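Structural description and commentary
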Amino acid sequence: AVVIALPSMMHSGRPVAGVLLLAHGGKERSHHAVPRRSGPVQRMRWIGGAIAARLADHGVATHVMRFRYQGWNDSEKSPVQDVRWAIGQLAERYVPDVPITLAGHSLGGRAVVNAADTPGVAGVLGLAAWLPPTEPTAQLAGRRLLLAHGTQDRVTSPRSSFEYAARARADGHAVARIVLPGSGHTLLQRARDWNRLVLA
């Protein structure tokens, strides 16, 4: 896995008060390496590039990660391992106890939701997250979760993310869900709204 620091995350000597880690989408099964300039990675870089400077003004460092493999790969949950590794790298880079927020799109959304219980994580944002009916919720304890889904998504199910949010809330977790009417899976429709959501 690779963690990329966006140039605009530099703070002019300001202490880092928080970290945002962005995780890209992928496939259900694949052990092929993720190309550096793949569409899913570029999408996260675009979002990061749009918000990193404003977050830096508040002492928040923005990073984008690239998974080792394109796929979730069943019980391997390959991207979850990569997110946990990336969190460890960021914890070493910054002052201990700096809160980390995870934001992931599609498969990346599923990965960050599953990695929510990693020490240092304060909150999780799932963007059109792939959340099957069997996805666990226990790992959300003590974290805040926000799920956002476009109504025109034909790749991951808006209904599944709603059902996951309802189940997680019933289990006692702090969960909210936002709907973006007219937006599809790629986050390209209403791109400014997606950027504002991650920024907020």
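Summarised in this report is the structure supplied together with it. This is a predicted model, so every value here is computed, not measured.

Formed by 36 residues in total, the largest nonpolar core has its most connected members in F67, V83, L102, V124, L145 and Y164. Contributions of two or more residues to this core are made by strand 2 (18-23), strand 3 (60-66), helix 2 (78-93), strand 4 (100-105), helix 3 (107-114), strand 5 (121-127), strand 6 (144-150) and helix 4 (158-170). Broken down by element, the residue count for this core peaks at five residues, all from helix 2. If near-sequence neighbours (up to four positions away) are discounted, V83 is found in contact with M65, F67, L102, A111, V112 and A115. Core analysis: the second largest hydrophobic core is formed by 17 residues, M44, I51, L55 and V64 among them.

With their axes 8 Å apart at the nearest point, helix 2 and helix 3 run at an angle of 60° to one another. Taken together, the axes of helix 2 and helix 3 lie oblique to each other. Handedness of the crossing formed by helix 2 with helix 3: right-handed. Counted together, P79, V80, V83 and R84 of helix 2 and L107, A111, V112 and N114 of helix 3 form the full contact between these two elements. Grouping the constituent residues of the contact of helix 2 with helix 3 by class yields six nonpolar, one polar and one charged.

The next subject is the packing of aromatic side chains. Two aromatic rings are characterised by how far apart their centres lie and by the angle between their planes. Within this structure, the stated rule accounts for one aromatic pair. Taking 6.0 Å as the distance between ring centres and 75° as the angle between the ring planes, the aromatic pair formed by W72 and W130 counts as edge-to-face. Of this pair, W72 sits in the loop between strand 3 and helix 2 while W130 sits in the loop between strand 5 and strand 6, and the two are 58 residues apart along the sequence. What makes W130 partly exposed here is its relative accessible area of 22%.

Within this model, the largest pocket holds a volume of roughly 610 Å³. Around the largest pocket, the lining comprises 26 residues; the ones closest to its centre are T101, R144, V198, L199 and A200. Of the residues in the lining of the largest pocket, the class split is 21 nonpolar, four polar and one charged. Within this model, the second largest pocket holds a volume of roughly 190 Å³. If you trace the second largest pocket, you find 13 residues lining it, with G26, K27, S106, V155 and H185 closest to the centre. Here the residues of the lining of the second largest pocket are counted per class, giving four nonpolar, six polar and three charged.

Definitions and cut-offs
- Residues numbered from 1 in each chain as written.
- Predicted model: local features only at pLDDT ≥ 70, side-chain atom pairs only at ≥ 80, totals over all residues.
- Heavy atoms only, no water.
- Core = buried A, V, L, I, M, F, W, Y, C linked by side-chain atoms within 4.5 Å.
- Buried < 20%, exposed > 50% of the residue type's maximum accessible area, 1.4 Å probe, protein only.
- Helix = DSSP H or I, 4+ residues; strand = E, 2+ residues; numbered from the N terminus.
- Contact = heavy atoms within 4.5 Å.
- Axes fitted to C-alpha atoms, helices over the stretch in contact; angles between N-to-C directions.
- Parallel < 35°, antiparallel > 145°, perpendicular 65-115°, else oblique.
- Left-handed = near helix turned anticlockwise from the far one by under 90°.
- Nonpolar A, V, L, I, M, F, W, Y, C, P; charged D, E, K, R; others polar.
- Phe/Tyr/Trp six-rings, centres within 6.5 Å; stacked < 30°, edge-to-face > 60°.
- 1 Å grid on protein atoms, 1.4 Å probe; cavity = no way out; pocket = protein on both sides within 12 Å on 5 of 7 lines; lining within 4 Å.
- Points joined across faces, edges and corners; volume = space filled by probe spheres on them.

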